[in-house]
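Residue-level structural notes
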There are 2 protein chains.
Amino acid sequence: MTLGYMEDTAAHPAQDAAQCQRIKDVLARVGDRWSVMIVITLDGGTMRFNELKRHLGITQRMLSLTLKELERDGLISRTYHPTIPPKVEYALTPLGKSFSEPVRSIGRWAIDNLTNIDVCRQRYDAAADTPD
Amino acid sequence: MTLGYMEDTAAHPAQDAAQCQRIKDVLARVGDRWSVMIVITLDGGTMRFNELKRHLGITQRMLSLTLKELERDGLISRTYHPTIPPKVEYALTPLGKSFSEPVRSIGRWAIDNLTNIDVCRQRYDAAADTPD
DNA sequence: CAGGATCCCCCAAGATACTG
DNA sequence: CAGTATCTTGGGGGATCCTG
């Protein structure tokens, strides 16, 4: 599988289609805004629930849901300390850490090209204002 | 900027916050399902509108909108051939190609860890069924 | 063929309130 | 503190029809 052209080949059409679907699934999870932000954040070290909440400016609900999904996928671990008040720590698993690498490369690209994209947008918008 | 912990530091709080926001913006564009799929597909070579449409199983509307955004961001180029019938070719720009690299690394990670994630999910779901 | 214009639906995600 | 439960809404995105 090449990640490039992904059309059905005469050779193994159904298999490719299935693979593509699976990749879409993973990318859906991975592409999710909050998932990415959480992974990036936890890459900096273990954090508690409300720490993440404040840090990301995410709502309680979305944080809770996203963390559960990430834990289900094995990307993060949840450690509950039955103290009073309770304390729950979230951290990247080895799988999560391996995932954070390509994610960081995307992040780095984003940083490196922020202004680049801005220039493109301005040029595009300017051209739209002056049609011809 | 480290992409790790991104909390306000005493040093430059506002700047960090602004950067984070920008990164979120770019990731929002980049994280978009169709944007990623289109970039991956075009990484395989130039394609026409309906080719992309068939290939991705995307609706006309979404394809049109997403292509416009990608063009605005300078990731893809649009070449119009005023023939009859008209012919429009889409291709990655150099910026788009540079972006496709980290995207491909994510794709590769996804492929490498599909089964890995499946196992984690099954284990998680099984544990949920047998709550201790 | 390449797309613009419209209508419409559904659910992702925010806000709010409550609990162990 | 670390969540769950419930209600509500914006807009993402599909379907359909139309044009140069």
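Residues numbered from 1 in each chain as written. Chains lettered and ligands numbered in written order. Predicted model: local features only at pLDDT ≥ 70, side-chain atom pairs only at ≥ 80, totals over all residues. Heavy atoms only, no water.

Residue and element names in this part refer to chain B. Running from N to C, helix 2 (residues 33-42) and helix 3 (residues 49-56) point in directions that differ by 115°, and their axes come no closer than 11 Å. Viewed along their axes, helix 2 and helix 3 adopt a mutual orientation that is roughly perpendicular. The two elements helix 2 and helix 3 meet at a crossing, and its hand is right-handed. Here W34, M37, I38, T41 and L42 of helix 2 lie close against helix 3, whose contacting residues are L52, H55 and L56. Within the contact of helix 2 with helix 3, the residues separate by chemical class into six nonpolar, two polar and no charged. (Axes fitted to C-alpha atoms, helices over the stretch in contact; angles between N-to-C directions. Helix = DSSP H or I, 4+ residues; strand = E, 2+ residues; numbered from the N terminus. Parallel < 35°, antiparallel > 145°, perpendicular 65-115°, else oblique. Left-handed = near helix turned anticlockwise from the far one by under 90°. Contact = heavy atoms within 4.5 Å. Nonpolar A, V, L, I, M, F, W, Y, C, P; charged D, E, K, R; others polar.)

Attention shifts here to the pairing of strand 2 (residues 76-81) of chain B. Residue and element names in this part refer to chain B. With six bridges joining them, strand 2 and strand 3 (residues 87-92) adopt antiparallel strand pairing. By the bridge assignment, T79 is partnered in strand 3 with E89. Remark: five residues form the turn of the hairpin made by strand 2 and strand 3, two consecutive strands paired antiparallel. (Pairing = 2+ DSSP bridges.)

Moving on, we come to the protein's contact with DNA strand C. Looking at DNA strand C, there are 17 residues lining it, with A:R61, A:M62, B:Q60, B:R78 and B:Y90 nearest. Near-protein atoms of DNA strand C (within 4 Å) split between backbone and bases, with sugar and phosphate holding 65%. The separation between a base nitrogen of DNA strand C and a polar side-chain atom of A:Q60 is 3.4 Å. Among the elements of the structure, helix 4 (60-72) of chain A together with helix 3, helix 4 (60-72) and strand 3 of chain B are those that each provide at least two residues to the surface near DNA strand C. A total of four residues in the surface near DNA strand C trace back to one element, the largest contributor, which is helix 4 of chain B. Here the surface near DNA strand C is built from residues that sort into seven nonpolar, five polar and five charged. (Near = heavy atom within 4 Å. Polar contact = N/O pair within 3.5 Å; in protein donor to acceptor, adjacent residues only side chain to side chain.)

Of all residues adjacent to DNA strand D, which total 18 residues, the nearest are A:R48, A:S64, A:R78, A:Y90 and B:R61. Near-protein atoms of DNA strand D (within 4 Å) split between backbone and bases, with sugar and phosphate holding 67%. A distance of 3.4 Å is found between a sugar or linking oxygen of DNA strand D and a backbone nitrogen or oxygen belonging to A:P86. Listed by contribution, the elements that provide at least two residues to the surface near DNA strand D are helix 3 (49-56), helix 4 and strand 3 (87-92) of chain A together with helix 4 of chain B. It is helix 4 of chain A that contributes the most residues to the surface near DNA strand D, four residues altogether.

Turning our attention to the nonpolar core. Ranked by size, the top nonpolar core spans 60 residues in total, and within it A:L42, A:L52, A:I76, B:L42, B:L52 and B:I76 carry the most contacts. Those residues in contact with A:I76 that lie beyond four places of it in its chain are A:L42, A:L67, A:L70, A:E71, A:Y90, A:A91, A:L92 and A:T93. (Core = buried A, V, L, I, M, F, W, Y, C linked by side-chain atoms within 4.5 Å. Buried < 20%, exposed > 50% of the residue type's maximum accessible area, 1.4 Å probe, protein only.)

Strands sit in the order 1-3-2 (chain B) across an open sheet of three strands; the sheet is antiparallel. Looking along the sheet, the strands with just one partner apiece sit at the ends: strand 1 (47-48) and strand 2 of chain B.

Next up on the list: the environment of A:L75. Along the chain, A:L75 turns up in the loop between helix 4 and strand 2 (76-81). Looking at A:L75, the relative accessible area reads 1%, which means it is buried. Distance from A:L75 to A:L114, taken between C-alpha atoms, is 28 Å for residues 39 residues apart in sequence. With residues near it in sequence (within four places) discarded, A:L75 still touches A:L70, A:A91, A:L92, A:T93, A:L95, A:G96, A:F99 and B:W109.

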